Amino acid sequence: MTGSEPPGARTDRALSEFFSEAQEIVEWLSRDLLLLDQCQKRGEQDPDLLNNVFRAVHTLKGLSGLFGVGRMTSLSHNLENVLDDLRLGRMALSAEVLDLLFDSVELYNRMLGDLKAGVDAEGSEVEDLLVRLDRAAAKKPTGQNVTLGEYELDAGLLAVLTEYEEHRLRTNVNGGCNLFRLCAHFELSVIDTDLEALKLAAKPFGEIITFLPSSTGSTEDAIDLDILLASHRPFAEVAKALSSDKVQVIEVPRKFVGRPTVLPAPPPAAGAPGTLPVGAELSAPFGEIDSAPSFPSSAPPGPPTALEHVSAPTTIRSVSQTVRVDIRKLDRLMNIVGELSIFGNAFARVGERIRAAGLLKELGPELHRMNRGFDRQLSDLQEGILEVRMVPLGQVFDKLARIVRQISREEAKEIRFVVSGSDTEVDKLIVEELSDPLMHLIRNAIDHGIEHSAERQAAGKPAVGTIALNAYQKGSHVVLEVEDDGRGIDEEELLRTAIDRGFITVESGRELSRRDLLGLVFLPGLSTKRTADELSGRGVGMDVVKTNISRLGGVIDVQSEVGIGTKLTITLPITLAIISALVVEVADRTFALALSTVQEALPLRADQLRTIEGREVISLRGATLPLCRLGQLFGWEEQAGPRTEYIVVAGMAGRRVGFVVDRLIGQQDIVIKALGRSLSAIRGLAGATDLGADGLALVLDVPSLVEEVLALELRTSEIGARP
Amino acid sequence: MSGGSSRPSRPPPRAPLAKGEPGALAPAPRTPRPLFRGDARPVVTIEYLGFHLDQEEYALPLPTVREILKVPTITEVPRAPVDVLGIISVRGTVVTLVDLRRRVGLPERPFDRRTRVLVVDRAGEQMGLVVDSVSEVVRLTRAQIEEAPAVVGAKHAELLAGVGRHGESMWVLLDLGAVLAGI
Amino acid sequence: MPAILVVEDSPAMRAFVRASLEPIESCDVALAENGFEALRVLPRRRYDLIVTDINMPDINGLELIRFVRQSESHRDVPIVIISTDASPRDRERAIALGATDYLVKPFSADDLRAVVEKRLLGARAGLEGLP
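This one's a predicted model, so the numbers in the text were calculated from it and none came from an experiment. (Residues numbered from 1 in each chain as written. Chains lettered and ligands numbered in written order. Predicted model: local features only at pLDDT ≥ 70, side-chain atom pairs only at ≥ 80, totals over all residues. Heavy atoms only, no water.)

Colleague: Even after reading the chapter, I still don't get the packing of helix α2 (residues 47-66) of chain A against helix α1 (residues 11-21) of chain C, so can you show me in this structure?
Modeller: When two helices pack together, their arrangement is given by the angle between the helix axes and by the axis-to-axis distance. At a minimum axis separation of 10 Å, α2(A) and α1(C) run at an interaxial angle of 35°. Where α2(A) crosses over α1(C), the handedness of that crossing is left-handed. Counting all contacts with α2(A), which are made through A:Gly62, A:Leu63 and A:Leu66, the residues of α1(C) involved are C:Ala12, C:Met13 and C:Phe16. (Axes fitted to C-alpha atoms, helices over the stretch in contact; angles between N-to-C directions. Helix = DSSP H or I, 4+ residues; strand = E, 2+ residues; numbered from the N terminus. Left-handed = near helix turned anticlockwise from the far one by under 90°. Contact = heavy atoms within 4.5 Å.)

Have a look at this one:
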């Protein structure tokens, strides 16, 4: 048997394997550090977590060494030493040390980013971090004076403990724990489930030190395991809870107590297997948003869970069930589905023509049936691929929790970050694109929303500020809410700034509704960093946030009460890839508009058309609707001469525009593809779609076009209003 | 440790070449400042893909070119950078198409049956470059590559990686990164 | 045809070890992602050599060595440890428990192949366990 690829780590496949694994480990590392941080704040210790962190770094060291990533190896090697001291109790875990460990996560991410981009960055950051770690690390004297000899432990067992396991054993014995041997006999075919159940059941009682497989008594289908458990509970209790027909609990005797090693009989029929108290440790109280402002219309289903309690599912770590897939491979599959659907459409058209021409009377219906079957299978395939692309929002939430922690420390503000719905799933691409806007919003909430605790207390608010991040599914959309109980946005001040800067006139300002007033915050250039403080609310580039959300096909809305807080609500489609679209023709070019943004399409009648201050509008059922000619907007020549035109009324939430088009081609499902890097920033375009023989068509970004047209409208009306 | 991890010995360093130009290749005209000297360097040949723009012969390193296509249906993109012609679909992927003539400051010219699109890779993204026609694969040694004389397209000197000479022929070697910069 | 079992919980490391070993003439490389999986596959057939990591969750490499050395079917197979240099003590224990070789990560594909080839030859000549 010969390998098809050269032996060596640097093959592309191995390298991409390296990237995805390293990335995943760094994500776990970050998550575990957050949990560790929570523990530390509560003054608790979690040796398992610390060991996970150690193992993560340990693995990163091995991996990066193999792939010749020297910077990462050196960082990992040094971190590993520090973490080894921490887990072996030779060093205390302080907030400073944790800060530095968080910094190392950033450093890993940067290194991976550099590597992926092919940048060979050299820097002193590793050394800097290590110097700081060294400084922060207060070595503790090792007080390992316990003799394990007190216990009659099998010498064979002691000999196979790793250094860490031995340390845990000593620490537990030191802490006055009793030792128990769980003799388990498991069928190999179901060992994973049995073992997980046992681990879960044992967890409330103490710590499992090790699992020792024993070859005596093991057969081809089953195995004997000696499991060493350290627990504060008395024997009877442990035995009652953990004994079963597969597990026998034995107390490890102490030497000088002189108790004979009599094995108690297993407690009477421990019930059917599977009656282990699995849920025992899950009844921890859930956090609640006690001080979060509440707005109407926010109804995330299920109880919100504070981040500190997300620790329950540590057992889903059985990676064996999951397969990591490079998103590009899924894109490729999606492309194939797209092409297949083009074929499908072509078949359907041929079928139509055959039917229309009255040819092949018997075969026609059969072709039709086959085509229907093909369509069904194809849409199942499409759905399947989309499902694979779905990832939980928790991935971003963890990153955000890290940012909250960092910024709140920088700003010396105390903040409770409450998260719900982190298991809500959306397309991987959306998750990626969402992290920057969310980071912006949260940074703003901390910078400008949440007040310092003295100010809060003076205002009769709880000293600790709350930022809540809620996610939930609503139909085919995902709703994300970023809510703070800070000082809120002062609309009057916002209006003054907008007028001062010439965005609107005093007159038009007077006519704005409250909602429109708050919406001013999204005007480009209004909420720049310079004025962020004056605005006493939001700042940094809210227009950018809005653009990013709109590019994802979503909308963002703001609600705020001065002194109470601010809530930003983002509504997004769950999946980006496939949408129902209206395909139209303008100036000999084909465009697609997301059907979800289209309200109606109607022929343009000359008697509806009016011109106000040089801009075309129509009256539609009593309301005035501004029109948009894409040719004009994009600088393309339009057909001259009289012809039938149509109006596509599109927009959202009361902000509508009528797009004038030459032809309505039809409605179809399209696969949206991203434009290249140089084109992705173009305002008004959401992407492109392949229409088969007709080539690519641009997909219009309706929300941003509507905003653009309405902004033009506003400006002309002001120019017109001037004397 | 019970041994075993014997490292295989490294291959002996390559014997240095005789001083002077590598002999087997066509004599390259001496220029005052060659970019690379032939002495003590192994002869490395680099493959380039030669193509025409106007009357000039240009070339890009062959490995940077993923494929060569006839011009497909182009979809115009409004508000795009000036050198972008539009987008095309290459096996389901949307590719941004750059007019190389415009990019190097040459006048426009209608496409004909010899017009080709070179699909190149920019950090994972595929881009298309429209050229008048594709000529051949050129193998050049380092010694045959010179710095670009300042006269060639003075305005676009930053796009050039150098000039390759082989006998009577000359190729303007483009720096792909620079060509795509700002697009 | 010699059969090798690789026990390693990191997928990238597994892929690397497999790629390193596959060029060995007519050899069959089986992969296990943790100690339990190793226990599951070991009774099914005879492996001529085992490559294992030490720091793995649940069943660690040391426990695996002990198990293998006590087993009827595999007590004599060479065991090559691959691990980082985190703990010299763990390394001594591994040797004491009967590991034949110990490679410190990172190692090259050639290093690993050299060790494994030598052990396979030794095993065939009845010289297992000898350096």
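Colleague: Could you clarify how one ought to interpret the interface of chain C and chain A in this entry?
Modeller: A common way to state how big an interface is: give the accessible area lost once the parts meet. The partner chain A presents 51 residues to the 44 residues of chain C that form the contact. Seen at the junction of chain C and chain A, the total is three salt bridges. Linking A:Arg55 and C:Asp9 is a salt bridge whose minimum nitrogen-to-oxygen distance equals 2.4 Å. At the boundary of chain C with chain A, the tally comes to nine residue pairs in polar contact (both at pLDDT 80 or more). Elements that contribute at least two residues to the side of chain C that touches chain A include exactly α1, α2 (35-41), α3 (61-70) and α4 (88-97) of chain C. Class assignment for the residues of the side of chain C that touches chain A results in 21 nonpolar, nine polar and 14 charged. (Salt bridge = Lys/Arg side-chain N within 4 Å of Asp/Glu carboxyl O. Polar contact = N/O pair within 3.5 Å; in protein donor to acceptor, adjacent residues only side chain to side chain. Nonpolar A, V, L, I, M, F, W, Y, C, P; charged D, E, K, R; others polar.)

Colleague: Got a minute to help me understand the sheet that holds strand β6 (residues 116-122) of chain B in this structure?
Modeller: Residues and elements named next belong to chain B. In spatial order, the strands read β3-β6-β7-β5-β4; together these five strands make up an open sheet with mixed pairing. With one partner strand each, in any of the chains shown, β3 (65-70) and β4 (84-90) form the two edges of the open sheet. Ignoring which end each strand starts from, the neighbouring axes of this sheet average 30° apart. The sheet contact formed by β4 and strand β5 (residues 93-99) spans six bridges and is antiparallel. Following the sheet pairing, Ile87 is matched in β5 by Thr96. (Pairing = 2+ DSSP bridges.)

Colleague: Hey, could you run me through the packing of aromatic side chains in this one?
Modeller: Each aromatic ring pair is characterised by the separation of its centres together with the angle its planes make. Applying the stated rule across the entire model yields six aromatic pairs over all chains. Geometry around A:Trp636 places A:Arg589 over its ring, the cationic atom sitting 3.9 Å from the centre. Taking the ring centre of C:Tyr102 as reference, the NZ or CZ of C:Arg91 above it sits at 5.2 Å. (Phe/Tyr/Trp six-rings, centres within 6.5 Å; stacked < 30°, edge-to-face > 60°. Lys NZ or Arg CZ within 6 Å of the ring centre and 35° of its normal.)

Colleague: What exactly am I supposed to notice about the sheet that holds strand β4 (residues 79-83) of chain C here?
Modeller: Paired through their backbone hydrogen bonds, the strands of a sheet run either parallel or antiparallel. All names here are of chain C. Across the sheet, five strands lie side by side as β2-β1-β3-β4-β5; this open sheet has parallel pairing. A single partner strand is all that each edge strand has here, and the edge strands are β2 (28-32) and β5 (101-104). Each strand of the sheet is rotated relative to its neighbour by a mean of 20°, with strand direction disregarded. Sheet strands in contact with α1 are β1 (3-7), β2, β3 (49-52) and β4, and its direction is about 170° off that of β2.

Colleague: Before we go on, may I ask you to explain the pattern of salt bridges in this structure?
Modeller: Oppositely charged side chains can form a pair if their charged atoms are brought close together. All names here are of chain A. Following the criterion strictly, the structure yields 49 salt bridges over all chains and no others. Between Glu451 and Lys461 there is a salt bridge, with its nearest N and O atoms 2.7 Å apart. In this pair, Glu451 sits in the loop between α13 (428-449) and α14 (453-458) while Lys461 sits in the loop between α14 and β9 (465-474), placing the two residues ten residues apart along the sequence. Judged by its relative accessible area of 5%, Glu451 is buried. The salt bridge involving Glu616 is made with Arg629; its shortest N-O contact spans 2.8 Å. Taken as a pair, Glu616 in strand β17 (residues 615-620) and Arg629 in strand β18 (residues 623-629) lie far apart in primary sequence, 13 residues in all. By relative accessible area, Arg629 is classed as buried at 14%. (Buried < 20%, exposed > 50% of the residue type's maximum accessible area, 1.4 Å probe, protein only.)

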